[in-house]
Amino acid sequence: MKKITAAFVKFVNSFRESIIVGTACGVLIFYGCAVAYALLENAGEILPFLGMLVFCNVVSVIGALVTIIRKGYHKYDQDIIGNAFVGFSKKCRLFHRSVSDLFERRVNHALNGFKELEANYTDSMRQDECAILDFYLGRCYDIMDYSPNASMYYTKAKAKGFRNDILMLLHARCFAAMGDTDEAVKLYDSILSDDSNYFRKYVRTDMGRMYLKLNDGKKALKYFDEAINNRECYADALGGAAIAHLMLHEMDKGEELHRTALLNGIRDSKGYITYYHEIKSAVLEEMDKEERSAKKEDIRNV
C-alpha cells in the first residue's frame, strides 16, 4: 500500500509540475494548426478569433511571469539562493534537483548531487554560487550528523561570502554537537547580541540542550527559564526545563513542567517522552544509590 501511495504522489507531483510546459506546447500546436487552416481556407473568418486567443495568451503569459518574478525563481530557499543558479544549464538543473532532494529528505541523493557540482562545475560558478554550494554541502552533512564535515563546509561558505543569518546558528549547533562548547557559546552570544537576527529565538533553547548533554542541569535550566520568560520555542523550553529539574533532583517541578510541555504541543512528543523517562530513571537510580550510601555512612558513624 505504501508503494502504491508513493507512486501516486510521485505521479501527481510530476503531473502538477508538467502542466505549464504541457499547456505551452498545446497552445503552440493549436496556433500552428489555426495558422495552417487560415492559410488553406478562409483567413477572414478565423483571424479575428485567432487574434483574440493570441491576446488572451499573451496576457496569461505576462501574468505567469509576474507571478514567478514576485514568488522567486527557486522553489525552495529563495531568500538563501537569490539570483544564483538561475537558468537551464546542466549546472543549474543539477543544483535544483539536489535542493529538491534535500527538502524531500533524500539526503544521500542531495549530497551526491552537490558533490558532483563541487567536482565538475566549480570553475563555471560565481563566488556567491560557490558559497551557496558549500552551505548546502554543510547542511547535508549536518542532517546526517557528520558535524566535523558540516563545520568544515560552513567555514568555507562563510569565507566565500555567505551571509544569511542561518549559517551562524547551524555552525554553533555543529560546535555543540562536537563538544566544542566555547566556540558554540561565542556564536550563540553573537546571535543574541544582534537584535535583528531572526534566529535569536532559537538560541536559548539550543544552549539549554547543549548543557543538558553536558549533564549541567543548573546552566541548562538558566537558559530554558530565560526562553520560557521570553516565550521563545515555548513548549521545547518547558520540556528542557523539566529535564533540567530532574537532573537537579527536583522531581515534582520536573513532573509539572513535563505535563505543561506536552499540553503545549512539544515537538516530537514521543521522542521527548522517551528521553524524559530515561533521564528520570537514571536520576532515580542515582538518588537511590546516594540514599543507600548515606545510610551506610550513618551506620559507620554509630
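This text follows the structure it describes.
Remember, predicted model here, so these are calculated numbers, not experimental data.

Enquirer: Even after reading the chapter, I still don't get the packing of aromatic side chains, so can you show me in this structure?
Expert: The description of two aromatic rings rests on the distance between their centres and on the angle between their planes. Going through the model one piece at a time under the given rule, you end up with 14 aromatic pairs. Seen in terms of ring centroids, phenylalanine 135 and tyrosine 136 are 5.2 Å apart; in terms of plane orientation they differ by 75°. Their pairing is edge-to-face. Judged by relative accessible area, which is 2%, phenylalanine 135 ranks as buried. Judged by centre distance (6.0 Å) and plane angle (35°), the ring pair of phenylalanine 135 and tyrosine 154 falls under tilted. Of the two residues, phenylalanine 135 is situated in helix H6 (residues 127–143) and tyrosine 154 in helix H7 (residues 147–159); the sequence distance between them amounts to 19 residues. Tyrosine 154 carries the same exposure label as phenylalanine 135, and that label is buried. Chaining the aromatic ring pairs together yields one cluster made of Phe85, Phe95, Phe114, Phe135, Tyr136, Tyr154 and Phe162. Between lysine 222 and the ring centre of tyrosine 223, over which it is positioned, the NZ or CZ distance is 4.2 Å. Positioned above the aromatic ring of tyrosine 234 is the side chain of arginine 231, whose terminal nitrogen or guanidinium carbon lies 3.8 Å from the ring centre.

Enquirer: Explain helix H11 (residues 217–229) here, please?
Expert: Between the first and last C-alpha of H11 there are 18 Å, a value that for 13 residues agrees with the 18 Å anticipated at 1.5 Å per step. Turning to H11, its buried residues number three or more, namely Gly217, Ala220, Leu221, Tyr223, Phe224, Ala227 and Ile228. Elements that come into contact with the buried residues of H11 comprise helix H10 (200–213) and helix H12 (234–247). Backbone geometry just downstream of H11 places arginine 231 in the positive-phi region, at approximately 55°.

Enquirer: Looking at this structure, how should I read the environment of aspartate 134?
Expert: Mapped onto the fold, aspartate 134 is located in helix H6. Exposure remark for aspartate 134: the relative accessible area of 3% places this residue in the buried category. In the structure, aspartate 134 is positioned 21 residues away from threonine 155 in sequence and 8.7 Å away in space, judged by C-alpha atoms. The residues contacting aspartate 134, other than those within four sequence positions of it, are Tyr153, Lys156, Ala157 and Lys160.

Enquirer: Can you walk me through the pattern of salt bridges in this structure?
Expert: Within the structure shown, the criterion is met by 20 salt bridges. For glutamate 118, the salt bridge identified is with lysine 115, shortest N-O distance 3.0 Å. Of this pair, glutamate 118 and lysine 115 both sit in helix H5 (residues 107–120), 3 residues apart, which is roughly one turn of the helix. For glutamate 118, a relative accessible area of 22% puts it in the partly exposed group. Note that arginine 139 is salt-bridged to aspartate 142, the shortest N-O span being 3.6 Å. Here the residue arginine 139 and the residue aspartate 142 both occupy positions in helix H6, the gap between them amounting to 3 residues, near one helical turn.

Enquirer: Got a minute to help me understand helix H8 (residues 166–177) in this structure?
Expert: Given 3.6 residues per helical turn, the α-helix brings residues three or four places apart onto the same face. Along its 12 residues, H8 runs 17 Å from first to last C-alpha, staying within 8% of the 16 Å computed at 1.5 Å per residue. Among all positions of H8, only Ile166, Leu167, Leu169, Leu170, His171, Ala172, Cys174 and Phe175 are buried. Positioned one or two residues after H8, glycine 179 has a phi angle of 85°, which is positive.

Enquirer: Would you mind going over the packing of H11 against H12 with me for this structure?
Expert: Geometrically, a packed helix pair is captured by the angle between its two axes and the distance between the axes. Interaxial distance between H11 and H12 falls to 8 Å at its minimum, and their mutual angle equals 155°. Here H11 is positioned roughly antiparallel relative to H12, judged by the angle of their axes. As for the relative orientation of H11 and H12, their crossing is left-handed in sense. Note on element contacts: H12 touches H11 through Tyr234, Asp236, Ala237, Leu238, Gly240, Ala241, Ala244, His245 and Met247, opposite Gly217, Ala220, Leu221, Phe224, Ala227 and Ile228. Across the contact of H11 with H12, the residue classes break down as 11 nonpolar, 3 polar and 1 charged.

Enquirer: Sorry if this is basic, but what is going on with the environment of arginine 106 here?
Expert: Tracing the sequence through the fold places arginine 106 in the loop between helix H4 (90–103) and H5. The partly exposed category is assigned to arginine 106, whose relative accessible area is 36%. Each C-alpha atom of the pair arginine 106 and cysteine 140 lies 9.8 Å from the other, and the pair is 34 residues apart in sequence.

Enquirer: Is there a simple way to explain the side chain of serine 151 in this structure?
Expert: Note on placement: serine 151 falls in helix H7. One polar contact links serine 151 to histidine 171, side chain to side chain, over a distance of 2.9 Å. With sequence-adjacent residues up to four places away left out, serine 151 is seen in contact with His171, Cys174, Phe175 and Met178.

Enquirer: Mind showing me how you'd approach unusual backbone geometry here?
Expert: Peptide bonds are trans in most cases, and residues, glycine excluded, mostly fall at negative phi. Despite not being glycine, arginine 105 has its phi angle at roughly 65°, a positive value. Tracing the backbone through its elements, the reader meets arginine 105 in the loop between H4 and H5. Classification of arginine 105 by relative accessible area gives exposed; the value is 75%. Even without a glycine there, the phi angle at aspartate 145 is positive, about 65°. Mapped onto the fold, aspartate 145 is located in the loop between H6 and H7.

So, how was this worked out
Residues numbered from 1 in each chain as written. Predicted model: local features only at pLDDT ≥ 70, side-chain atom pairs only at ≥ 80, totals over all residues. Heavy atoms only, no water. Phe/Tyr/Trp six-rings, centres within 6.5 Å; stacked < 30°, edge-to-face > 60°. Buried < 20%, exposed > 50% of the residue type's maximum accessible area, 1.4 Å probe, protein only. Helix = DSSP H or I, 4+ residues; strand = E, 2+ residues; numbered from the N terminus. Lys NZ or Arg CZ within 6 Å of the ring centre and 35° of its normal. Expected span 1.5 Å × (residues − 1). Contact = heavy atoms within 4.5 Å. Salt bridge = Lys/Arg side-chain N within 4 Å of Asp/Glu carboxyl O. Axes fitted to C-alpha atoms, helices over the stretch in contact; angles between N-to-C directions. Parallel < 35°, antiparallel > 145°, perpendicular 65-115°, else oblique. Left-handed = near helix turned anticlockwise from the far one by under 90°. Nonpolar A, V, L, I, M, F, W, Y, C, P; charged D, E, K, R; others polar. Polar contact = N/O pair within 3.5 Å; in protein donor to acceptor, adjacent residues only side chain to side chain.

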